[in-house]
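Observations on the three-dimensional arrangement
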Amino acid sequence: MSEHTEKTMKPDVLEARIGVFVCHCGSNIAGYLDCEALTKYAATLPRVVYAKNNLYTCSEAGIAEIKNAIEQRGLTRVVVASCSPRTHMPLFKSACAEAGLNPYLFEMANIRDQCSWVHMQQREGAQEKAMDLIRMAVAKAAFLEPQQDIESSLVRKALVIGGGVAGMSAAIAMADVGIDVVLVEKEAELGGLLRRINRLAPKGEKAEDLVRDLVQLVLSKENLKTMLESEVTGVGGVIGNYEVSIRNGNGLEIQEMVGSIVVATGAVPLQPHGLFGYNGQNVITQIELEEKLRSGELNARNVVMIQCVGARSPERTYCSRVCCLTAVKNALYIKEMHPDAHVHILYRDIQMYGAENEKLLWDARGRGVRFDVYDVGRPPVVKEGAVELYRPLMGEVEEIPCDLVILSTPLVAPENTPALANLMRISIDQNNFFLEAHAKLRPLDFATDGIFLCGTARYPATVCEAQAQGLGAASRAETVLFKEKLVASALISQVTDLCDGCGYCVDLCPYNALSLEEYERDGHIYKRNKVDKMLCKGCGVCAATCPKGGVVVCGFTRNQLQAQVDAALEAM
Amino acid sequence: MDVGRHPNINLLAYSEVEKVEGQAGDFRVTVRKKPRYVDESKCTGCGACAEKCPTVTSDEYNLGLGKAKAIYKYFAQGIPSAYTIDATICRNFQPGKKCGICQKVCQAGAIDYKQEAKIFELSVGAIIAATGYDLFDARRIPEYGYGRIRNVITALEFERFLSASGPTHGHVYRVTDLAAQEALPEMEKVCQKAVKGLERYEKQFSMTSDEFYGRYESGEFKGGNEEYDKWAAAVVAARKATAELEVLQKKVESIESAHRLAFIQCVGSRDIRFNKYCSGFCCMHAIKEAIIAREHDRDAQVYIFGMDIRAVGKGFEEYRNRGAKEAGVHYIRSRVAEITEGKNHTPIIWYEDTKERVVRQMPVDLVILSTACQPSASTRRVAELLGIELNEFGFYKTASYPPLDTTRPGIFICGCAHSPMDIPESVAQASSAAARAAQVLAGSGTMRLAS
């Protein structure tokens, strides 16, 4: 500790009574480090009044030792040198609390994952590093300040945006477990894209039956309020207490308070204007074909389907997941209507993933549907009465006669997606689909707490997948809404007197937790930063950005980090 | 870890369901908790027991590529973080044998050789079966040579090679080269012992072995002391061992990581002989493994042989393009006919180049088989236990809508027990199954529609 810092210390820092517990973790630490020597060393550090090594600090005996030492030795700070805070910090903090010490007066040095485990072959260096880590933790501990967890109440009500299969499934699931739900649909009818579909792959149920059943369920729930021809126009607040403005069918603005939001705004099929001679007459899209199949007005006998129209291309890089399945399904229905019809599918990769889908492909082949790969560098050409297919195998162009061309176009994000994302302060990806918090582990969550995602608003999905995701998003929202209260860590940003309201930090905050507020002093109006305690995650971007110390993160304040850095450099 | 720490989750590891009675909203489930011979509440997972355990076996988690002990933790991050004794190999459980070392070294006093299975009943409203899947046994396709050609491995084995905590610490070697590396220390020991064995004679007769052997060869010590003959034999043995060691050392020194890698897709999937369906996730893990292999080794050349590359998830098509662009992955549209073994254990891939319409062969360092996702071996038994039906593929049968309902109300499934799927899909489905279970618990169940 440099002399300068020592002089400027507050009394509670100077008088801190620190206890250090060095854990052997069986052989995990003690097998590579000399824990007894570390304990002796810890006892020599400033303000350390007690140091003890134990076999397992996390065992009952170890926890009891921490509690006893707090009570009997009058410890005002506790440092445990052991494993990862991710696994054991909550346990040690609660031990402090049980012994009457504010749990935020606890600090951890990770001498296992970050030392003994990674330096097994370099014992001497590892021992020195462990000493450094302990010295740094002790130095910081002196500057820790007591904090209180942040608690907030919540409204047990959910908003579902979008009344397609995903949104309806989510709304029904939540209503069933006793949550009040507001379901907002911009069209005059529920059902979304499903209303335009004929039959469902792979089993062939009628889409209209599913729509009817789902709508009936939605309407039967007393605690589910459906708003048709309505749109969300404003979203304020945070998890547990979102203030939502909705413009209803009569043009009136309605306010709702909800604890959680499920986004199920769906996707739309791309209209392929200018691609492959699309004309809506004899060159149509799969969704237009669905409508023909539904009404039974299909007379074509020679049908050619072209896959990946407007997808997997430089301007739209993604694969739309469901179009191959749709094409094969529709090919089978055409064969069912007209067994003598020729159906020819031109594809790049036939994406019949999973168990049931691949079976449809076998069935289609068995029924005489023809499949041919086309070269993306030389795609098929649609002409009057025929499609020209270049066959790389033979180096020849084959003319496939046809009276109907079906273009398989991708599902694309609705136009208003960016605006809606902006409204809710949630992210979208490069294709304008909503962006989940984690591609693998949190596919239905947003990074913004309390808002969830499902269906084709996330990425193209089958009806079955969309429904499963709707249910999934409901259960994610339930994990929030079934809490008695929301509790957040106090280790978040705090505005200091040095803030002059420049607003640099506001734009950079990844959680939208910061805003500027006006306040009056000596008859003048000033601006300063304001932290939303439920939104802030304590990431520290603001503190790192602020040129004047106007915002700090509790638990990572300048003097705490300075003490840690000074302690680190002391060894040099 | 989140599961282990959650206050509302009672984790019953190493346990099996024995009986299910009752109905949706009111199931009674009999569970058998198998004895692990370690007290979970006391074990701290320190690993002192496994360190000292004298019984070595192959490491199941690393697919036999590494070593494990009779007291083991399946993998480092497992929850609960407790060890288990494999009673089928532990000395203490073998008739007429004794050990007790782990009990002695365990400072937590957690070892309990007398632990018995516990049977108890749970009362639950809904059941979710997330029993996962098994991988197709590649030996069933003899023309691919798995199990016979040593440098043909499965994708899961390759995953362990790529893992920093795996048996090769993330380096990719040919299996045959790895065997040579492993044999080296043993060979060194043998050689050392043979050379050391000569010292006794050298002392006894005050002569170097080389000098002695030269003279012995010229017939100087013939018919004399029996010890001379023994010494001569020992010299021959030591020279042979030294020569063998040198050969092995040279071989090991010249070992390079495996540069030419070939992935064979649809091994056991999309194949009428085995599973007609597509396993869904293998194209993506092949691409991922190819990219990682290339990150580890800039000289890696990776070929993926498949009928279609099914990159159908969010960001997957982009990932596939990245594989080609950044990792130089060659996607070859082909169904591989056969793999043979060439000189120096080199696997040779025989395939039809569908663009040129010719049969080609390609020698590579390692062949990686993307094996199919199959219903787990216990699926049929679990289905009988739960009273639910299976579908034509052997997975649990579900309604289309709602998609995770089995044929028995109150019982739901998710993940690869449903059908092959990737991680995001599995995670999303798990949440859906939870929502369905919550509906049942809330006394509704009205989501069940006529199918």
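The shown structure was predicted, so the numbers you read here are calculated from the model rather than taken from an experiment.

Here we take up the overall build of chain B. Within chain B one finds 11 helices and 19 strands. Against the 2.2 N^0.38 benchmark of 22 Å for 451 residues, chain B shows a C-alpha radius of gyration of 29 Å, more extended than a compact globule. Taking the principal axes of its C-alpha atoms as reference, chain B extends roughly 100 × 70 × 35 Å. In chain B, buried positions account for 49% of the 451 residues. Considering only residue pairs separated by 6 or more positions, chain B has 62% of its internal contacts joining residues 24 or more positions apart. Accessible surface, chain B as shown: approximately 22500 Å² in total, 51% of it carbon and sulfur. Charge separation in chain B, taken as the distance between the mean sites of 60 positive and 57 negative side-chain charges, equals 3 Å.

Residue and element names in this part refer to chain A. As summarised here, the arrangement of the 5 strands in space is S8-S7-S6-S12-S23, forming an open sheet in which the pairing is parallel. Each of the sheet's edge strands pairs with one partner strand only, and the pair in question is strand S8 (224-227) and strand S23 (451-453). Between one strand and the next, the sheet's axes are offset by a mean angle of 20°, whatever the strand orientation. In this structure, strand S6 (residues 157-161) lies alongside strand S7 (residues 180-184), joined through 5 bridges in parallel fashion. Across the sheet, Ile-161 pairs through a bridge with Val-184, a residue of S7.

Let's shift gears to unusual backbone geometry. Geometrically, the link from Ala-201 of chain A to Pro-202 of chain A is a cis peptide bond, its omega value of -5° lying close to zero. Relative to the elements of secondary structure, Pro-202 of chain A occurs in the loop between S7 and helix H10 (207-220). The peptide bond linking Tyr-401 of chain B to Pro-402 of chain B adopts the cis configuration, its omega dihedral lying at -5°. Among the structural elements, Pro-402 of chain B can be located in the loop between helix H10 (379-386) and strand S19 (411-413).

This next bit is on the domain arrangement of chain B. Residues and elements named next belong to chain B. Segmentation of chain B into domains returns domain 1 (2-126), domain 2 (135-173 + 257-374) and domain 3 (177-253). Taken over C-alpha atoms, the centre of domain 1 sits 35 Å from the centre of domain 2. In total, about 510 Å² of surface goes out of reach between domain 1 and domain 2, with carbon and sulfur atoms giving 70% of it. Looking at the side of domain 1 facing domain 2, the largest losses of area belong to Asn-62, Leu-63 and Leu-65, adding up to 85% of the total buried there. Viewed at the interface, domain 2 and domain 1 are joined by 0 salt bridges. Inspection of the region where domain 1 meets domain 2 yields 0 residue pairs in polar contact (both at pLDDT 80 or more). Looking at the side of domain 1 that touches domain 2, its residues break down into 3 nonpolar, 2 polar and no charged.

Residue and element names in this part refer to chain B. With respect to the helices and strands, Ala-183 occurs in helix H5 (residues 175-205). Ala-183 gets classed as partly exposed once you look at its relative accessible area, which sits at 33%. Separated by 76 residues in the primary sequence, Ala-183 and Gln-107 have C-alpha atoms spaced 35 Å apart.

Next up on the list: the packing of helix H6 (residues 209-217) of chain B against helix H7 (residues 226-253) of chain B. Residues and elements named next belong to chain B. Relative to each other, H6 and H7 sit at 115°, their axes nearing to 10 Å. Compared by their axis directions, H6 and H7 come out roughly perpendicular. Here H6 runs over H7; the crossing is left-handed. The residues of H7 that touch H6, namely those facing Ser-209, Asp-210, Phe-212, Tyr-213 and Tyr-216, are Tyr-228, Asp-229, Trp-231, Ala-232, Val-235, Val-236 and Arg-239. Of the residues assigned to the contact of H6 with H7, the class counts are 8 nonpolar, 1 polar and 3 charged.

The interface is formed by 58 residues belonging to chain B together with 68 residues belonging to chain A. Both faces combined, the contact of chain B with chain A buries some 5300 Å², and carbon together with sulfur accounts for 57% of it. For the pair chain B and chain A, the interface holds 9 salt bridges. At the boundary of chain B with chain A, the tally comes to 26 residue pairs in polar contact (both at pLDDT 80 or more). Residue assignment for the side of chain B that touches chain A shows that the elements contributing at least two residues are helix H1 (2-5), helix H2 (48-52), helix H9 (316-326) and helix H11 (423-441) of chain B. Counted by class, the side of chain B that touches chain A contains 25 nonpolar, 15 polar and 18 charged residues.

Residues and elements named next belong to chain A. In terms of nonpolar packing, the biggest core is built from 60 residues, with Met-174, Val-181, Leu-183, Leu-194, Leu-200, Leu-210 and Val-262 touching the most fellow members. Listing elements by their share of this core, those giving two or more residues are S6, helix H9 (165-176), S7, H10, helix H15 (463-481) and strand S24 (486-488). When residues in this core are grouped by element, the largest group, 9 residues, is from H9. Lining this core are residues from two domains, each supplying at least three of them: domain 2 (157-267 + 413-481) and domain 4 (490-554). Setting aside anything within four residues of it in sequence, one finds Val-181 in contact with Ala-158, Val-160, Ala-171, Met-174, Ala-175, Asn-223, Leu-224 and Lys-225. Listed in part, the 51 residues of the second largest apolar core include Cys-23, Ala-42, Val-79 and Leu-101.

Next up on the list: the side chain of Ser-400 of chain B. Mapped onto the elements, Ser-400 of chain B comes out in the loop between H10 and S19. The class of Ser-400 of chain B is buried, set by a relative accessible area of 8%. A polar contact is formed between the side chain of Ser-400 of chain B and the side chain of Glu-205 of chain A, at a distance of 2.6 Å. When near neighbours in sequence (up to four residues on either side) are disregarded, Ser-400 of chain B contacts Lys-203, Glu-205, Cys-464 and Gln-467 of chain A.

Moving on to H9 of chain A. Residues and elements named next belong to chain A. Between its terminal C-alpha atoms H9 stretches 16 Å, which fits the 16 Å expected from 12 residues at 1.5 Å a residue. Burial within H9 is extensive, with 12 of its 12 residues counted as buried. After H9 finishes, the residue Gly-178 shows a positive phi value of roughly 95°.

What counts and what doesn't
- Residues take numbers from 1 onward in each chain, read along the sequence in its written order.
- All chains are assigned letters beginning with A, and all ligands numbers beginning with 1, in the order in which they are written.
- This being a predicted model, a pLDDT of at least 70 is required before a residue's local features are given, and a value of 80 or more before pairs of side-chain atoms are given or counted; all residues contribute to the totals for chains, interfaces and linings.
- Based on all heavy atoms of the structure, the side-chain values leave hydrogens and waters out of the count.
- Strands are runs of DSSP state E lasting at least 2 residues, helices are runs of H or I lasting at least 4, and numbering of each runs from the N terminus.
- Radius of gyration here uses only the C-alpha atoms, and the compact-globule reference equals 2.2 Å multiplied by the residue count raised to the power 0.38.
- Exposure is judged per residue with a 1.4 Å probe applied to protein chains only, and the accessible area is read against the type maximum: over 50% gives exposed, under 20% gives buried, and values in between give partly exposed.
- Should any heavy atoms of two residues lie within 4.5 Å, those residues are counted as being in contact.
- The Shrake-Rupley method, run with a 1.4 Å probe sphere, supplies the accessible areas, and residue values consider only the shown protein chains as cover.
- All tallies of charge rest on Lys and Arg as positive and Asp and Glu as negative; His and the ends of each chain are not included.
- Every charge is mapped to an atom, namely NZ of Lys, CZ of Arg, CG of Asp or CD of Glu.
- Strand pairing is assigned whenever DSSP detects at least two bridges linking the two strands.
- Axis definition: a line fit to C-alpha positions, over the contact stretch in the case of helices; interaxial angles, taken between N-to-C directions, run 0 to 180 degrees.
- Boundaries between domains were set according to an automatic or database domain assignment.
- The buried area of a pairing is the accessible area, by a 1.4 Å probe, that goes missing from both parts when the two are put together, added over both.
- Put simply, a salt bridge is a Lys or Arg side-chain nitrogen that is within 4 Å of an Asp or Glu carboxyl oxygen.
- Between N or O atoms, a polar contact is any pair within 3.5 Å; within protein, one atom must be a potential hydrogen donor and the other a potential acceptor, and residues adjacent in sequence are included only when both atoms are from side chains.
- Nonpolar residues are Ala, Val, Leu, Ile, Met, Phe, Trp, Tyr, Cys and Pro. Charged residues are Asp, Glu, Lys and Arg, and all others, Gly as well, are polar.
- Comment on the angle field: the value is read as roughly parallel under 35 degrees, roughly antiparallel over 145, roughly perpendicular from 65 to 115, and oblique elsewhere.
- A clockwise turn of the near helix away from the far one marks a right-handed crossing, whereas an anticlockwise turn of less than a right angle marks a left-handed crossing.
- Residues enter a nonpolar core if they are buried and are Ala, Val, Leu, Ile, Met, Phe, Trp, Tyr or Cys, with the set joined through side-chain atoms within 4.5 Å.
- A helix is expected to span 1.5 Å multiplied by its residue count minus one.

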